[in-house]
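A look at the structure
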Amino acid sequence: MTVVDSRPPLPGEEGAEVLLTDRGVSIAPVDDPGAGRGPSWLDEWLAANASEVVAWRRHLHAHPELSRHEVATTELICDVLRSAGLRPRVLPGGTGLVCDVGSGPRCVALRADIDALPLAETTGAPYASTVAGVSHSCGHDAHTTVVLGAALALASATQLPGRIRLVFQPAEEVMPGGALDVLAAGGLDGVERIFGLHCDPRLAVGRIGTRIGAITSASDMLELRLTSPGGHTSRPHLTADLVHALGSVITGLPTLLSRRVDPRSGTVLVWGAVHAGEAANAVPQDGVLRGTLRTGNRDIWAELEPLVKELVEALLAPLGVGFDLHHRRGVPPVVNDRESTMLLRAGIEAALGEDALAGTEQSSGGEDFGWYLEHVPGSFARLGVWDGVTKQKDLHQPGFDLDERALMAGIRVMVHTALTSLA
């Protein structure tokens, strides 16, 4: 467990146990944005365990683990679930797990991702990452804590209308994503619908952004390697000008794609790295170009790989260079179906009130939750984590942190959405 000690309350803290994390950091009481909205067992569980919930999140935040190496994270989740009498099943790869709460033939799933990013943290928080160059700057520590809290709250209920499957997924931050591991292990077998939340630092705590249709985009990676005999820059006609060829693809491929793909699809190619040569007066023999290709349209995503190859061949044919194109398909768009999204909105309203409902735009970012929606219907929403006061810091930034009241809001939304879906 993450909370290993307690201390007597200080003046002004009477009536509540004060919990300490494993780094000796005290957990101050955290407000619950949906307090009193019921059901009574959920109100009681959150009132009794709010500090423990925050302690879980801070422990996970301080001890991040990279994709497919989430061993300690998996062990912690298992320990907490077992402490509530639940029986988690670790995935064959050794990280990530699934666990059912309740009984009956009908089942809905709640998903969290558990991995961290290879990014150094600069928040200076007392619970900041203790692992050099690794941090939870995408908020997966919060996602894990929300579903873990929902699991224990649901386990405290005297009766549930069916089964809720908790999916703690590894390796969301790498392509093609750990969602495929869950599916291969039968993690969605028997599941009717699946729901998930992702931190959104643009939304204030207590607000949840939903959208019918595509909410994220497909994301592929391109790597183009060019080869040339090389030579002297004074005699480019005697060789193949590799740097010029790279430039032709850099500018030409995005332009050609914009004329061959429906502009309403949100298809965008952006180069992130280019390397070739050292000397100003030498034509290099090799070079490499890397970038990401994204689209918000599932059908267009299926057509992009052969189209990109055709256009690269056309651009390079007159230039005499050799090339090797590696098109690594990533994840499909997350496309929320209408019925699941309406159930999720009903869960949000029951959990936090009508004012909590917010719209949200489609993102060009990728999210492997889309793989689940290739198999079962579901909906993915954005959890407001901004405190409304401090400067907003985006995901995947070293200074990203969140308002921990969002944990309580997320737990309530997940619980109410599961109950609404099974009702």
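Shown above is the structure to which this text applies.
The notes below deal with the structure included here. Here, residues in each chain are numbered from 1, in the same order as that chain's written sequence. Local features in this predicted model are restricted to residues of pLDDT 70 or higher, and side-chain atom pairs are both shown and tallied only at a pLDDT of 80 or more, whereas totals for entire chains, interfaces and linings draw on every residue. Values shown for side chains rest on all heavy atoms present in the structure; no hydrogens or waters enter the calculation.

In this section: the overall build of the protein. Think of it this way: any DSSP run of H or I at least four residues long counts as a helix, any run of E at least two long counts as a strand, and we number them from the N terminus. Within the protein one finds nine helices and 18 strands. Here the C-alpha radius of gyration of the protein, 24 Å, is about what a compact globule of 423 residues would show, namely 22 Å. Taking the principal axes of its C-alpha atoms as reference, the protein extends roughly 85 × 45 × 40 Å. Relative to its full complement of 423 residues, the protein shows a buried share of 53%. Pairs at least 24 apart in sequence give 79% of the contacts found in the protein among residues at least 6 apart. Two things to know: the radius of gyration comes from C-alpha atoms, and the globule rule equals 2.2 Å times the number of residues to the power 0.38. Only protein chains enter the calculation, and the probe is 1.4 Å; a residue is then buried if its accessible area is under 20% of its type maximum, exposed if over 50%, and partly exposed in between. We call two residues in contact when some of their heavy atoms are within 4.5 Å.

Residues belong to one nonpolar core when they are buried, are Ala, Val, Leu, Ile, Met, Phe, Trp, Tyr or Cys, and are joined through side-chain atoms within 4.5 Å. Membership of the largest hydrophobic core comes to 66 residues, with the highest contact counts inside it found for W41, L81, L110, I164, F168, V413 and V415. Of the residues forming this core, the biggest block, eleven residues, is contributed by helix 9 (residues 405-422). Counting residues in each nonpolar core, the second largest holds 24 residues, with A245, L269, L289 and L293 among its members.

Turning to the sheet that holds strand 3 (residues 89-90), a few remarks are in order. Two orientations exist for strands paired in a sheet by backbone hydrogen bonds: parallel and antiparallel. In short, DSSP must find at least two bridges between two strands for them to pair. Ordered in space as 3-4-6-5-7-18-8-17, the eight strands form an open sheet in which the pairing is mixed. Of all strands in the sheet, those with a lone pairing partner are strand 3 and strand 17 (357-359), marking the two edges. Relative to strand 18 (residues 378-386), strand 8 (residues 208-210) runs antiparallel, the two being bridged by two bridges. Each residue of the ladder has a partner; that of G209, found in strand 18, is R382. Sitting on the sheet, helix 2 (residues 71-83) touches strand 3, strand 4 (97-102) and strand 6 (163-169), and the angle it makes with strand 4 is about 15 degrees. In this analysis, axes come from line fits to C-alpha atoms, helices being fitted only over the stretch in contact, and the angle between any two N-to-C directions falls in the range 0 to 180 degrees.

So, about the packing of helix 3 (residues 140-155) against helix 9. Viewed as axis vectors pointing N to C, helix 3 and helix 9 meet at an angle of 55 degrees, and their least axial separation amounts to 8 Å. The angle between the axes of helix 3 and helix 9 places the two elements in the oblique class. Our pair here, helix 3 against helix 9, has a crossing hand that is right-handed. Contacts between helix 3 and helix 9 involve A142, T145, V146, G149, A150, A153 and L154 on the former and, on the latter, L407, G410, I411, M414, V415 and L419. Angle categories: roughly parallel below 35 degrees, roughly antiparallel above 145, roughly perpendicular from 65 to 115, and oblique for all the rest. Two helices that cross are described as forming a left-handed crossing if the nearer one is turned anticlockwise from the farther one by less than a right angle, and a right-handed crossing if clockwise.

Below, the discussion takes up helix 7 (residues 338-352). With 15 residues, helix 7 should reach 21 Å at 1.5 Å per residue; the first-to-last C-alpha distance of 21 Å fits that figure. Lining the buried residues of helix 7 we find strand 7 (193-204), strand 8, strand 16 (335-336), strand 17, strand 18 and helix 9. Where helix 7 begins, the side chain of D337 points an oxygen toward the backbone nitrogen of E339, at a separation of 3.2 Å. For a helix, the expected span equals 1.5 Å multiplied by the residue count minus one. We define a polar contact as two N or O atoms separated by no more than 3.5 Å, with the added condition that, inside protein, one atom must be a possible hydrogen donor and the other a possible acceptor, whereas residues neighbouring each other in sequence contribute only through side-chain atom pairs.

Take unusual backbone geometry next. The linkage connecting G38 with the following residue, P39, adopts the cis geometry, with an omega of -5 degrees. Counting through the fold element by element, P39 comes out in the loop between strand 2 (18-20) and helix 1 (40-62). With omega at 5 degrees, the peptide bond leading from M175 into P176 counts as cis. Here P176 lies in the loop between strand 6 and helix 4 (179-184). The backbone of R68 sits at a positive phi, close to 65 degrees, despite the residue not being glycine. Although it is not a glycine, H396 sits at a positive phi angle of roughly 65 degrees. Owing to a relative accessible area of 40%, H396 belongs among the partly exposed residues under this scheme.

Take the side chain of E404 next. Checked against the element boundaries, E404 lands in the loop between strand 18 and helix 9. Accessibility expressed as a relative area gives 10% for E404, which makes it buried. Among the polar contacts listed, one links the side chain of E404 to the side chain of R57, at a separation of 3.0 Å. In contact with E404, not counting residues within four places along its chain, are V30, V54, R57, R58 and Y127.

Spatially, the four strands line up as an open sheet ordered 12-14-10-15, and their pairing is antiparallel. A strand with exactly one partner marks an edge of an open sheet, and here the two such strands are strand 12 (268-276) and strand 15 (322-331). Within this sheet the neighbouring strands show an average axis-to-axis angle of 15 degrees, counted without direction. Sheet analysis places strand 10 (residues 218-227) next to strand 15, joined by eight bridges and oriented antiparallel. By the bridge assignment, R225 is partnered in strand 15 with D324. Packing of helix 5 (residues 242-260) onto the sheet brings it into contact with strand 10, strand 12 and strand 14 (286-295), and relative to strand 12 it is tilted by some 175 degrees. Contacting strand 10, strand 14 and strand 15, helix 6 (residues 298-316) runs over the sheet at an angle of about 165 degrees to strand 15.

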